[in-house]
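Overview (structure and organization)
Read off the chains here:
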Amino acid sequence: MSGFVIGLGLLLLGAILIAIFRVTTLIGIAKGDGKKRVGSANGVNAFLFIVFLVGSFILLFWYSYTHFDSYNLPLASEHGVVTDRIFWITMGVTCVAFIITHVLLFVFPYVYRFKEEKEAFYFPHNNKLELTWTIVPAVVLSVLIFTGWRAWVDITAPAPEDSERIEIMGYQFAWAVRYGGGDGQLGKSDFRLIDVDNRMGIDFSDRKSYDDFIPLEIHIPKGKNIEFKIRATDVIHSVFAPHFRLQMNAVPGLPTSFWFTPTKTTAEMRSELENENFNYELVCNKICGKGHFAMRYLIIVDEPEAYQEWYKSQQAWLKLNPDYLSKVPADLREVAAISAKMDGSLN
Ligand SMILES: [Cu+2]
């Protein structure tokens with residue numbers, strides 16, 4: 001509704017401006033302006049430059065201010081402190097450059113618009129000016145890029161040995177998430193083994209895969225290093241968890257990863273935001289097809305003890321899908337049943 005009213009307002013404003021323009025043109029003709037070298041349209045255009053400048057600045061700053069909370073989400077990871085700082089420094093610097101260049105861009109056509117009595121000043125070249133506007137941006141950009149590159153190298157360094165390794169796989173249109181189970185190690189997988197049930201293509205010839213489990217929401221422990229091992233089966237998806245300042249593409253045929261350390265549990269964030277319904281989420285950040293919007297998964301950050309409890313309560317995927325025991329090599333079926341805690345379900 002408010003969008004409609006704003007649209008209608010803009011339409012009316014446009015109509016009024018056109019009317020003013022036509023009236024001034026007619027007055028000009030009546031006064032005999034037709035003999036002038038440049039008509040009154042020149043002045044109107046110059047004035048509209050200023051209207052556009054002021055109007056768009058007002059809209060820009062109004063929007064940035066009123067929607068601040070939706071693009072500056074509360075932070076819950078260690079490296080996020082660094083990336084947020086770099087983001088806001090870059091934002092500050094580019095904002096200053098943006099304002100200066102745009103004020104000059106729109107004020108110049110107004111101030112130096114054609115006037116009968118005024119003659120243009122010939123200004124072909126100025127070394128000092130050329131050097132200043134080349135060197136200053138070059139130095140500022142180099143500092144910004146170098147700081148960003150250093151942070152990126154830190155963030156994308158190999159995950160520490162003791163990290164919790166969780167596999168995330170994107171497909172049209174959902175996520176599948178796998179944990180290593182009792183041995184804490186993810187079994188092998190192969191895209192050729194993917195079928196309707198075995199979404200992640202778990203390879204049951206690998207002993208490490210028997211106790212792997214695939215939960216319906218992601219749990220991670222606070223204060224521990226978490227490594228997401230990321231892949232995709234069909235098109236490019238993107239693992240995006242904004243509260244952790246985490247984003248990494250999920251690319252078919254090219255495994256990627258991202259590691260981070262969560263700093264606040266879901267419960268802590270709920271009380272901080274005074275919102276009982278708050279949840280961290282993982283969403284797809286690539287427009288990957290018709291069902292893109294459905295690619296949402298909850299991330300629950302637990303205290304380490306609660307995480308261990310949840311972890312132990314999970315059931316192996318093989319236990320929940322006992323038909324797949326037939327895919328396990330015959331001599332390993334007993335090991336598989338024990339590892340997946342399938343007591344008594346052999347044969
Ligand atoms: Cu997607």
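Residues numbered from 1 in each chain as written. Predicted model: local features only at pLDDT ≥ 70, side-chain atom pairs only at ≥ 80, totals over all residues.

Section: the overall build of the chain
Looking only at helices and strands, one finds nine helices and nine strands in the chain. Relative to its length of 347 residues, the chain is extended, with a C-alpha radius of gyration of 30 Å against a globular reference of 20 Å. With the C-alpha coordinates aligned to their principal axes, the bounding extent of the chain is approximately 105 × 50 × 45 Å. Counting contacts in the chain only where the partners sit at least 6 residues apart, residues at least 24 apart contribute 67% of the total. (Helix = DSSP H or I, 4+ residues; strand = E, 2+ residues; numbered from the N terminus. Rg over C-alpha atoms; globule rule 2.2 N^0.38 Å. Contact = placed C-beta atoms within 7 Å.)

A look at the sheet that holds strand S4 (residues 226-232)
Note on sheets: strands pair through backbone hydrogen bonds, and any given pair is parallel or antiparallel. Read across the open sheet, the four strands follow the order S2-S1-S4-S7; overall the sheet is mixed. The sheet terminates laterally at strand S2 (174-179) and strand S7 (256-260), the two strands that pair on one side only. Neighbour to neighbour, the strand axes of the sheet diverge by 25 degrees on average, direction disregarded. Where strand S1 (residues 164-171) lies against S2, six bridges are found, and the strand directions are antiparallel. Within S2, the position partnered with Glu-167 by the bridge is Arg-178. (Pairing = 2+ DSSP bridges. Axes fitted to C-alpha atoms, helices over the stretch in contact; angles between N-to-C directions.)

A few points about the packing of helix H4 (residues 78-111) against helix H5 (residues 127-155)
Two elements in contact, H4 and H5, have axes separated by 11 Å at closest approach and are oriented at 165 degrees. Considering the angle they form, H4 stands roughly antiparallel to H5. You can see that H4 and H5 cross each other, and the crossing is left-handed. Residues His-79, Val-82, Thr-83, Ile-86, Thr-90 and Val-93 of H4 form the contact with H5, whose participating residues are Val-140, Leu-144, Thr-147, Gly-148, Ala-151 and Ile-155. Taken together, the residues that form the contact of H4 with H5 break down as seven nonpolar, five polar and no charged. (Parallel < 35°, antiparallel > 145°, perpendicular 65-115°, else oblique. Left-handed = near helix turned anticlockwise from the far one by under 90°. Nonpolar A, V, L, I, M, F, W, Y, C, P; charged D, E, K, R; others polar.)

Focus: helix H1 (residues 2-31)
Given a rise of 1.5 Å per residue, 30 residues ought to cover 44 Å, and the 43 Å separating the end C-alpha atoms of H1 matches this to within 8%. For H1, the tally of buried residues reaches only zero of 30 residues, placing the bulk of the element at the surface. Gly-32 sits one or two residues past H1 and shows a positive phi near 85 degrees. (Expected span 1.5 Å × (residues − 1). Buried ≥ 20, exposed ≤ 12 C-beta atoms within 10 Å, placed from the backbone.)

Topic: the sheet that holds strand S3 (residues 218-221)
An order of S3-S9-S8-S5-S6 is seen for the five strands of this open sheet, with the pairing classed as mixed. Where the open sheet ends on each side, the last strands, each with one partner, are S3 and strand S6 (246-250). On average, each strand axis in the sheet is tilted by 25 degrees relative to the strand beside it, whichever way the strands run. Alignment of S3 against strand S9 (residues 296-302), held across four bridges, turns out to be parallel.

A look at the pairing of S9
With burial as the criterion, only one face of S9 is covered, namely that bearing Tyr-297, Ile-299 and Val-301; the residues Arg-296, Leu-298, Ile-300 and Asp-302 on the opposite face remain uncovered. Summarising the sheet, strand S8 (residues 280-284) and S9 pair through four bridges and their orientation is antiparallel. Bridging across to S9, Val-283 finds its partner in Arg-296.

Observations regarding the domain arrangement of the chain
Once the domains are mapped, the chain shows domain 1 (36-155) and domain 2 (164-339). When each unit is reduced to the centre of its C-alpha atoms, the spacing between domain 1 and domain 2 is 43 Å. Contacts between the two partners involve ten residues from domain 1, matched on the other side by 14 residues from domain 2. Looking at the side of domain 1 that touches domain 2, its residues break down into four nonpolar, four polar and two charged. (Domains from an automatic or database assignment.)

Structural notes on the nonpolar core
Judged by nonpolar contacts, the single largest core of 46 residues is most densely connected at Trp-175, Val-239, Ile-299 and Leu-318. Once residues lying within four places of it in the same chain are set aside, the contact partners of Ile-299 are Ile-218, Ile-220, Ala-241, Tyr-280, Glu-281 and Leu-282. (Core = buried A, V, L, I, M, F, W, Y, C linked by C-beta atoms within 7 Å.)

Remarks on unusual backbone geometry
Here the bond from Gln-172 into Phe-173 is cis, since omega is 0 degrees, no more than 30 degrees from zero. Note on placement: Phe-173 falls in the loop between S1 and S2. A positive phi angle is found at Arg-245, which is not glycine, with a value near 50 degrees. When you line up the elements, Arg-245 lands in the loop between strand S5 (237-241) and S6.

Description of the environment of Leu-10
With respect to the element layout, Leu-10 can be found in helix H1. Here the alpha-carbon distance between Leu-10 and Thr-265, two residues 255 residues apart in the chain, equals 46 Å.

Topic: the environment of Asp-323
Structurally, the position occupied by Asp-323 is in the loop between helix H8 (317-320) and helix H9 (333-339). We classify Asp-323 as exposed; it has 9 C-beta atoms within 10 Å. Asp-323 sits 120 residues away from Asp-203 along the chain, and the two C-alpha atoms are 14 Å apart.

Let's talk about the packing of helix H2 (residues 41-66) against H4
Two elements in contact, H2 and H4, have axes whose closest approach is 7 Å; the angle formed by their N-to-C orientations is 155 degrees. Judged by the inter-axis angle, H2 sits roughly antiparallel to H4. Seen from above, H2 lies across H4 with left-handed handedness. Residues Ala-46, Phe-47, Phe-49, Ile-50, Phe-52 and Leu-53 of H2 form the contact with H4, whose own contacting residues are His-102, Val-103, Phe-106, Pro-109 and Tyr-110. A per-class count over the contact of H2 with H4 returns ten nonpolar, one polar and no charged.

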